[in-house]
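Survey of secondary and tertiary structure
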Amino acid sequence: MGRGKLRIYLGAAPGVGKTYAMLSEAHRRVERGTDCVVAFVEHHDRPRTEVMLHGLEQVPRRQLGHRGGAFTEMDVEAVLHRAPAVALVDELAHTNVPGSRNDKRWQDVEELLAAGIDVVSTVNIQHLESLGDVVESITGVRQRETVPDEVVRRADQIELVDMSPPALRRRMAHGNIYKPDKVDAALSNYFRPGNLTALRELALLWVADRADEYLTEYRSEHRVSRIWGSRERIVVGLTGGPEGRTLIRRAARLAEKGAGGEVLAVYIARSDGLTSASPKELAVQRTLVEDLGGTFHHVVGDDIPASLLDFARGVNATQIVLGSSRRKTWQYVFGPGVGTTVARESGPDLDVHIVTHEEVAKGRGLPVARGARLGRCRIIWGWAVGIGGPLVMAVLLNTIDLGLANDMLLFLSVTVAAALLGGLLPALASAAFGSLLLNYFYTPPLHRLTVADPKNIVAIVIFVGVAVSVASVVDLAARRTHQAARLRAESEILSFLAGSVLRGETSLEALLERVRETFGMESVALLERAGDVEPWTCAGSAGPDPATRPEDADVDMPVGDHMALALSGRVLPASDRRVLAAFAAQAVVVLDRQRLQHEADQAKELAEGNRIRTALLAAVSHDLRTPLAGIKAAVSSLRSDDVAWSEEDQAELLEGIEDGADRLDHLVGNLLDMSRLQTGTVTPLIREIDLDEVVPMALGGVPEDSVELDVPESLPMVAVDAGLLERAMANLVENAVKYSPVGERVLVAASAMADRVEVRVVDRGPGVPDDAKDRIFAPFQRYGDAPRGTGVGLGLAVARGFTEAMGGTLNAEDTPGGGLTMVLTVRAVQRRPEPAARSAVAERQAS
């Protein structure tokens, strides 16, 4: 059995009619005799949608319980057992209730498709995973239920269910989408006209891109080479010259005239790399085309017209924009030029625009890599051999008669030596000078620059031709060797940059120092500014006296609109700017990473402040209420005229008032300290104390004989804040007593482990499942069926917050035999032995 087919109805927002369209399609299929069932459709109490369910077979849903509530989900097993031809599954991005067969509904759909069942489903554009950030920026709402884009893209059919924003808002106002009590809030928030228009455009563009993918795939499968002008795609051919900006702007204007126009700028470089455009100018043009909404492409090809046409046909372009040739009139003897060739070979489906500009007929002006990069010393030796070698050879051969053929071979060897040492120019000079000497001294008539025998003329021409050919080959080989060495060095540098990106090891200062060393500069600075007219500021530098403005530097590499890498020391050749651009991009990445890390640290500090603020609120809720209630009751009793209190009763009530006031005073002092801690004006007062001084004080809020205390006096001292530890322990003990069975005492035991001290609060209550052990420490969490009025669920959050503020940890474990154990761990103080003890230890070691 083959895989089923998936059809998706895509909408821009809830209420556009996706489910209605899906059910209409189901009725059409049933009328044609197709076995179609409703696996899961949610009508949301919309009458028209509910009516569409009539007459369709519905697979019973599966009942699930979660957090005390009853929920229904699609019963995948029942649908697989029923095995219909088509199943309707609504809301593809839905998250299933815990305990379901799969976590997400799209995973359920994948099972049905794998079983050979066709599926018809629905999804809104805001639920696509890749568009989450875009939708949040539009609506201000983060979608928590998402479906991977690839799941939707794999669908065999995607149908857009569209509705204009005014029509959708009318449906909302008439109560056809939400209940009347929710209409006003929806219209003024999510369903604002601007939100709906933006979401609609997002859905239309996504479907258009998907259709474009279908078209590209079809043309590739059927090998369609002709251009189908489904939308205007304009290719701009760039040479790296300044006229490129004019061409890009002209192409952008052409694209604006058509619906959905797209601009693709392409620069074609030769594979040998011997001719290159200005990297700085190309970077500016790349930024310009991206700012105008286009894309930039770098293509390698030796035949520029053919490569440009291949690229245009490959992207299904409809127009090509080229600049008028910069050639001078005499240069046309070398060929018709790129523009003429592209226009001749473009065919009837591809229009070519030749745009005039200020650089027309001013010459090519592109930098051409010349010279073999052999080093000054070798070039000097090459010229010396090329000029002096023929003279020395002429002097030697005047004393020995070897014949013209041998003389020419010896002069040729001198020319080859000049080529090997100095490259092309010294070899050409040697060939020309040597041919003159051969003609003057060894070709009849002697000592005249004429040749009597035509055979000798042929020999001299062959000599010059061989010399020039050998020199050219040697020069080209040297240039290739230099290019290979440069590319190897560039690859090593780029590999280093890629590794540093993956590992996140390089700091900005270290990276800038690496730039300075790599290019032999005196100083390097990364400059930035907030706007075009704002002053430059230095984000990081290496070396003395870095440049403060890009204009003051010997080399500046722009990175975006408002950042630049400025180098001082020497002017770099154009061939080095490619690697420099990679360094500049990496510097920006490192700077962004540092700033993100700084923001993360600030966010962590804010989170810490929020945690302490939560603890403060919890302490107020838990601890202030009880002593205040006791004081108020005692004072009210004393002031009552209905009862005559004895002196003992009065003393007891006054003692209760005093105890409550002392407890309040102690608590308020701790709260003030925590308040200052939350604002960053004070740190926890960490000092060395004994646990038996603090833990018993934490038991004042629980009934007597409800706690068994086991804190050995031999425990080492701990480094804590006594007030924070007391409050943490009081909350832990109170929580344990609350959940302990009647008659069961809570055990508070302490023990030392290496450099830590553990305090365990053990109860014999119902315990907590493993998956809930972390949740019970969250604020406002009350486990199980604890009645309201027994607390607001902040006790454990307070305890963990106070413990972590002191550098400790608090975790929950199962009590052997049933129950829950809270493990509070703090740092022990490693005390040095007393002098007498140290001497005793020394004596034992000596013995």
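As a convention, each chain's residues are numbered from 1 in the sequence order in which they are written. Totals for whole chains, interfaces and linings use all residues, but because this is a predicted model, local features are given only for residues with pLDDT of at least 70 and pairs of side-chain atoms are given and counted only at 80 or more. Note that the side-chain values use all heavy atoms of the structure and ignore hydrogens as well as water.

1. Topic: the overall build of the chain
Test applied: Only DSSP runs of H or I covering at least 4 residues are called helices, and only runs of E covering at least 2 are called strands; the numbering of each starts at the N terminus. Relative accessibility thresholds used throughout: buried, under 20% of the residue-type maximum; exposed, over 50%; partly exposed, between the two (1.4 Å probe, protein chains only). Note on contacts: a residue pair qualifies if any of its non-hydrogen atoms lie within 4.5 Å across the two residues. In short, Shrake-Rupley with a 1.4 Å probe defines the accessible areas, and a residue's cover is counted only from the protein chains shown.
Each helix and strand counted, the chain has 24 helices and 24 strands in total. Counting across all 847 residues of the chain, residues that qualify as buried make up 42%. Long-range contacts, defined as pairs at least 24 residues apart, comprise 69% of the intrachain contacts of the chain with a sequence gap of at least 6. Accessible area for the chain stands at about 45300 Å²; split by element, carbon and sulfur atoms hold 54% of it.

2. So, the nonpolar core
As a reminder of what qualifies: Here, nonpolar core means buried Ala, Val, Leu, Ile, Met, Phe, Trp, Tyr and Cys residues that are tied together by side-chain atoms lying within 4.5 Å of each other.
Core analysis: the largest hydrophobic core is formed by 62 residues, its most contacted members being Leu 88, Leu 92, Leu 112, Ile 125, Val 147 and Trp 206. If we skip the residues at most four places from it in the chain, Leu 88 touches Met 22, Leu 23, Ala 26, Cys 36, Val 37, Val 38, Ala 39, Phe 40, Val 41, Leu 56 and Val 120. Judged by nonpolar contacts, the second largest core, of 44 residues, contains Val 694, Val 695, Leu 810 and Met 822.

3. What about helix 7 (residues 165–173)?
The test is simple: The directions from the helix axis to the C-beta atoms form the arc being described.
Listed in full, the buried residues belonging to helix 7 are Pro 165, Ala 167, Leu 168 and Met 172. All buried residues of helix 7 project into a common sector of 165 degrees when viewed along the axis, lining one side. Of the residues trailing helix 7, Gly 175 is marked for its positive phi of about 80 degrees.

4. Structural notes on the sheet that holds strand 16 (residues 555–558)
Put simply, the test is: By definition, two strands form a pair when at least two bridges between them are found by DSSP. As a rule, the C-alpha atoms of each element are fitted with a line to give its axis, helices using only the stretch in contact, and angles between N-to-C directions run from 0 to 180 degrees.
Taken in spatial order, the four strands make up an open sheet running 15-14-17-16, and their pairing is antiparallel. Each edge of the open sheet is held by one strand with a lone partner, namely strand 15 (537–542) and strand 16. The mean angle between the axes of side-by-side strands here comes to 20 degrees, regardless of whether they run parallel or antiparallel. Sheet topology places strand 14 (residues 523–528) next to strand 15; five bridges connect them, and they run antiparallel. Within strand 15, the position partnered with Leu 527 by the bridge is Cys 538.

5. Describing the pattern of salt bridges
Threshold: The term salt bridge refers to a pairing of a side-chain nitrogen on Lys or Arg with a carboxyl oxygen on Asp or Glu at a separation within 4 Å.
Here the structure, examined in full by the defined rule, presents 24 salt bridges. Between Arg 105 and Glu 91 there is a salt bridge, and its shortest N-O distance comes to 4.0 Å. Pair noted here: Arg 105 is in helix 4 (residues 105–114) and Glu 91 is in the loop between strand 6 (86–89) and helix 4, with a separation of 14 residues, a long-range link. By sharing partners, the salt bridges in this structure join Arg 7, Glu 25, Arg 28, Arg 29 and Glu 159 into a single network.

6. Quick notes on the environment of His 94
Here His 94 lies in the loop between strand 6 and helix 4. With a relative accessible area of 16%, His 94 lands in the buried category. Spatially, the C-alpha atom of His 94 lies 9.2 Å from that of His 127, the residues being 33 residues apart in sequence. Not counting the four nearest positions on each side in its chain, His 94 is found in contact with Glu 73, Lys 104, Arg 105 and Glu 145.

7. Considerations on the packing of aromatic side chains
The geometry of an aromatic ring pair is captured by the separation of the ring centres together with the interplanar angle, meaning the angle of the planes. Test applied: Ring pairs shown here join Phe, Tyr and Trp side chains whose ring centres sit within 6.5 Å, with only the six-membered ring taken for Trp; geometry is labelled stacked below 30 degrees between planes, edge-to-face above 60, and tilted in between. Two conditions define a charge sitting above a ring: the NZ of Lys or the CZ of Arg must be within 6 Å of the ring centre, and it must be within 35 degrees of the ring normal.
Tallied over the entire structure, the rule returns zero aromatic pairs. Its guanidinium or amino end placed over the ring of Tyr 20, Arg 48 lies 5.4 Å from that ring's centre, counting from NZ or CZ. Stacked on the ring of Phe 40, the Lys or Arg Arg 105 has its end atom at 3.9 Å from the ring centre.

8. Focus on the sheet that holds strand 3 (residues 57–58)
Ordered by their spatial adjacency, six strands build an open sheet running 3-2-6-7-1-8, and the pairing between neighbours is parallel. Edge positions in the open sheet fall to strand 3 and strand 8 (157–161), since each of these has one partner strand only. The sheet strands contacting helix 1 (residues 18–31) are strand 1 (6–11), strand 2 (36–40), strand 6, strand 7 (118–124) and strand 8, and the helix crosses strand 1 at an angle near 145 degrees. Packed onto the sheet, helix 4 meets strand 1, strand 2, strand 6 and strand 7 and runs at close to 180 degrees relative to strand 6.

9. Here's the deal with the packing of helix 15 (residues 404–422) against helix 16 (residues 424–442)
To keep it simple, the criterion reads: Our angle categories are set so that under 35 degrees counts as roughly parallel, over 145 as roughly antiparallel, 65 to 115 as roughly perpendicular, and the remainder as oblique. Here is the rule for handedness: rotate from the far helix to the near one, and if that takes an anticlockwise turn smaller than a right angle the crossing is left-handed, while a clockwise turn gives right-handed. Residues were grouped as follows: Ala, Val, Leu, Ile, Met, Phe, Trp, Tyr, Cys and Pro as nonpolar; Asp, Glu, Lys and Arg as charged; and all remaining residues, including Gly, as polar.
It is the contact of helix 15 with helix 16, at a shortest axis distance of 8 Å, that shows an interaxial angle of 160 degrees. Accordingly, the angle class assigned to the pair helix 15 and helix 16 is roughly antiparallel. The crossing of helix 15 and helix 16 is right-handed. Here Leu 404, Asp 407, Met 408, Phe 411, Val 414, Thr 415, Ala 418, Ala 419 and Gly 422 of helix 15 come into contact with helix 16, specifically with Leu 424, Pro 426, Ala 427, Ser 430, Ala 431, Gly 434, Leu 437, Leu 438 and Tyr 442. Here the contact of helix 15 with helix 16 is composed, by residue class, of 13 nonpolar, four polar and one charged.

10. Structural notes on the packing of helix 12 (residues 304–314) against helix 13 (residues 338–345)
Put simply, helix 12 and helix 13 touch, their axes get as near as 9 Å, and they point 45 degrees apart. Between helix 12 and helix 13, the crossing angle belongs to the class labelled oblique. Two packed elements cross with a definite hand, and for helix 12 against helix 13 that hand is right-handed. Across the interface between the two elements, Ile 304, Pro 305, Leu 308, Leu 309 and Arg 313 of helix 12 pack against Val 338, Thr 341, Val 342 and Glu 345 of helix 13.

11. Brief notes about the side chain of Lys 773
Quick note on the threshold: Any pair of N or O atoms that falls within 3.5 Å is considered a polar contact. Within protein, one atom must be able to donate a hydrogen and the other to accept it, and sequence-neighbouring residues count only if both atoms are side-chain atoms.
In this fold, Lys 773 is placed in the loop between strand 22 (756–762) and helix 23 (795–805). For Lys 773, the side chain forms a polar contact with the main-chain oxygen of Val 768, separated by 2.8 Å. Once residues within four sequence positions are removed from consideration, Lys 773 is found in contact with Val 768, Ala 812, Glu 813, Asp 814 and Leu 820.

12. Section: the pairing of strand 16
Inspection of the sheet shows strand 16 paired to strand 17 (residues 563–568) by four bridges, in the antiparallel sense. Paired with Met 557 across the two strands is Leu 565, which belongs to strand 17. Once strand 16 ends, the chain turns through four residues before running back antiparallel as strand 17, passing Gly 560 with a positive phi of about 75 degrees.

13. Here's the deal with a negative patch on the surface
Rules: Grouping into patches uses exposed residues only, defined as over 30% relative accessible area, and leaves out salt-bridged ones; the cut-off is 9 Å for like charges and 5 Å for nonpolar side chains (Val, Leu, Ile, Met, Phe, Trp, Tyr). Here Asp and Glu are counted as negative and Lys and Arg as positive; His is not counted, and neither are the chain ends. Each charge is placed at NZ for Lys, CZ for Arg, CG for Asp and CD for Glu.
On the surface, a cluster of negative charge is made up of Glu 647, Glu 648, Asp 649, Glu 652, Glu 655, Glu 658, Asp 659, Asp 662 and Asp 665. Relative to the helices and strands, Asp 662 resides in helix 20 (residues 647–678).

14. Considerations on unusual backbone geometry
The phi torsion at Glu 91 lies on the positive side, around 55 degrees, for a residue other than glycine. Phi angles above zero are rare outside glycine, and Asp 545 is one such case at about 50 degrees. Mapping Asp 545 onto the fold places it in the loop between strand 15 and strand 16. For Asp 545, a relative accessible area of 71% translates into the label exposed.

15. Describing the pairing of strand 10 (residues 262–269)
With respect to burial, strand 10 is a largely interior element, seven of its eight residues being buried. Note: strand 9 (residues 233–238) against strand 10, six bridges, orientation parallel. Paired with Arg 233 across the bridge in strand 10 is Glu 262.

16. Remarks on a positive patch on the surface
On the surface, a cluster of positive charge is made up of Arg 249, Arg 250, Arg 253 and Lys 257. You can see Arg 250 is positioned in helix 10 (residues 244–256).

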